[in-house]
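Spelled out, the chains give:
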Amino acid sequence: MLLRAKAILPVTAPPIEDGAVFIAGNKIQTIGPWKNFRSSLREKAVDLGEVVLLPGLINAHCHLDYTDMAGELSPPQTFTDWIAAIMAHKTGWSYSDYARSWMRGANQLLKTGTTTVADIEAMPDLLPEVWEGTPLRVFSFLEMTGIKSRRHPKEVLREAVQKIDSLRHPRNRAMLSPHAPYSTVPELLELAARTSQKRKWRVSIHVAESAQEFEMFTAASGRMYDWLKRNERDNSDCGLGSPIAHLARQKLLGENVLAIHVNYLARGDATLLAKNKTPVVHCPRSHDYFKHQPFERARLANAGVNLCLGTDSLATTRKSGRHKPELDMFAEMRALATNDKSVSPQEILQMATVNGARALGLAGKTGELSKGALADIIAIPFAGKFSHLTESMLAHTGNVVASMIEGRWAISPT
């Protein structure tokens with residue numbers, strides 16, 4: 001299949017005006033100017049017209065099963081207030097509610113250009129059903145906690161590993177997600193680290209998300225510290241340094257660990273993350289919802305940390321007027337551009353594509369349009385000047401014109 005477009009934005013190579021992509025099977029074979037393709041190929045081309053082709057977006061952190069909570073929870077005064085609110089909200093949800101919410105979120109991501117999503121699964125029993133219901137490539141991270149359950153960490157891990165081993169899919173994978181340092185115990189973090197290294201799995205963990213979490217670990221005090229102590233958490237692991245340093249002590253930093261949020265840094269944390277090649281996933285709209293301090297993107301980038309983008313959940317995304325928010329990586333990119341004037345459009349696009357691919361172990365396979373990469377391609381309308389291509393891409397709102405995942409149309413061009 002040969003696809004022609006007004007412009008092509010490969011991400012890892014210069015843009016191409018009036019370009020084409022030749023696909024054989026599920027991979028890209030050739031990419032270049034339209035005029036360079038032989039006439040026999042051009043005669044059978046699919047001309048997509050006034051669009052730009054770019055790699056499918058990679059959402060490196062999401063909670064699909066919370067999609068139907070959009071607009072239900074007002075921004076809280078404190079992070080622990082939000083935890084209490086969402087726990088109360090979830091008590092009325094059934095299996096069907098979670099399944100319907102998961103699928104709605106997957107459809108929102110698909111129509112707005114995401115082709116790969118790293119999702120946190122609070123209800124792993126949904127996976128066989130929902131995996132079959134979406135063309136998205138899904139990395140499902142099974143959420144583990146261990147404070148109030150009174151279950152031994154080995155039992156918590158064994159149950160998660162058994163679930164993972166029972167799941168089979170040609171495109172999707174399941175892995176581990178110890179929820180956060182404050183909601184797990186050190187032994188569970190260590191077990192997750194060892195198991196994931198042995199199995200060559202990725203791990204996803206929320207860390208340094210809130211000021212309260214940061215205070216809990218650095219000062220062994222504060223509202224989260226007191227609240228968890230009342231709920232029978234052994235807080236002897238607090239007061240020893242930052243949440244990032246805490247993960248380092250449990251051997252849970254590395255190229256295979258997605259550190260989610262990282263909104264609060266102690267001195268040396270950025271260097272520690274970079275030294276261990278640990279990618280960080282920033283969620284701009286969720287960050288704004290909680291009114292965290294400004295995200296230290298430049299500090300992390302200058303240290304050499306691989307920075308990615310995610311949507312987080314719609315339970316932590318503000319409403320705009322009467323309209324409920326939707327899962328949309330373009331909205332996250334625009335939010336980052338608004339909040340951080342020092343970041344370039346090219347850097348933002350990389351965070352939503354090639355950087356996420358690296359974090360998920362897909363470097364060279366997706367997140368870019370290049371020879372040998374999987375044919376994960378989206379098309380968005382483009383009527384502007386070629387010289388402003390990347391800026392125009394960031395300004396895009398609405399649905400994509402077309403979406404392809406591994407050479408198959410997920411959304412067919414009209």
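Before reading on, note that the structure itself is shown above.
Before going further, it helps to spend a moment on the pattern of salt bridges. On inspection of all chains with the given rule, the structure shows 19 salt bridges. Among the salt bridges present, the one from R4 reaches D47, with a minimum N-O distance of 3.7 Å. A residue pair is termed long-range when its members are at least 10 positions apart, and R4 in strand β1 (residues 2–8) and D47 in strand β4 (residues 46–47) qualify at 43 residues. A relative accessible area of 22% places R4 in the partly exposed class. Of the charged contacts in the structure, one is a salt bridge between E332 and R285, with a shortest N-O distance of 2.8 Å. Taken together, the positions of E332 in helix α13 (residues 329–339) and R285 in helix α11 (residues 284–290) put the pair 47 residues apart, joining distant regions of the chain. Accessibility classification places E332 together with R285 in one group, the buried group. The structure contains a network of salt bridges with shared partners spanning R4, D18 and D47.

Where helix α2 (residues 79–90) contacts helix α8 (residues 223–230), the two axes come as close as 9 Å, and the packing angle between them is 40°. By the angle between their directions, the pair α2 and α8 is classed as oblique. Judged by residue contacts, F79, T80, D81 and I83 of α2 engage R223, M224 and W227 from α8. Residue composition of the contact of α2 with α8, grouped by class: four nonpolar, one polar and two charged.

Contact geometry for helix α7 (residues 211–219) and α8: axes closest at 7 Å, N-to-C directions at 75°. With respect to each other, α7 and α8 are oriented roughly perpendicular. Along its contact with α7, which presents Q212, E213, E215 and M216, the element α8 presents R223, M224, Y225 and L228. Classifying every residue of the contact of α7 with α8 gives four nonpolar, one polar and three charged.

Another point: the nonpolar core. With 69 residues, the main nonpolar core has W82, W102, M144, L176, Y182, M216 and L360 as its most contacted residues. Among the elements that take part in this core, helix α3 (residues 95–111) stands out by supplying seven residues, more than any other. Those residues in contact with W102, other than ones at most four positions away along the chain, are L64, D65, D119, E121, L126, V130, W131, T134 and V138. Core analysis: the second largest hydrophobic core is formed by 46 residues, V52, A193, A208 and A352 among them.

Take the state of the cysteines next. In total, this model carries zero disulfides according to the counting rule given. As a non-bridged cysteine, C62 has C283 as the owner of its nearest cysteine sulfur, 8.7 Å distant. Not engaged in a disulfide, the cysteine C308 finds its nearest cysteine sulfur in C283; these two sulfurs lie 10 Å apart. What makes C308 buried here is its relative accessible area of 1%.

Bringing the pairing of strand β5 (residues 51–55) into the picture now. Taking burial as the measure, the five residues of β5 include five buried ones, the bulk of the element. Note: β1 against β5, two bridges, orientation parallel. Looking across to β5, one finds that I8 is bridged to L53. As defined by bridge partners, β5 adjoins strand β14 (residues 377–381) across five bridges and the pair is classed as antiparallel. Each bridged residue has a counterpart across the sheet, and for L54 the counterpart in β14 is I378.

How each quantity is defined
Residues numbered from 1 in each chain as written. Predicted model: local features only at pLDDT ≥ 70, side-chain atom pairs only at ≥ 80, totals over all residues. Heavy atoms only, no water. Salt bridge = Lys/Arg side-chain N within 4 Å of Asp/Glu carboxyl O. Helix = DSSP H or I, 4+ residues; strand = E, 2+ residues; numbered from the N terminus. Buried < 20%, exposed > 50% of the residue type's maximum accessible area, 1.4 Å probe, protein only. Axes fitted to C-alpha atoms, helices over the stretch in contact; angles between N-to-C directions. Parallel < 35°, antiparallel > 145°, perpendicular 65-115°, else oblique. Contact = heavy atoms within 4.5 Å. Nonpolar A, V, L, I, M, F, W, Y, C, P; charged D, E, K, R; others polar. Core = buried A, V, L, I, M, F, W, Y, C linked by side-chain atoms within 4.5 Å. Disulfide = S-S within 2.5 Å. Pairing = 2+ DSSP bridges.

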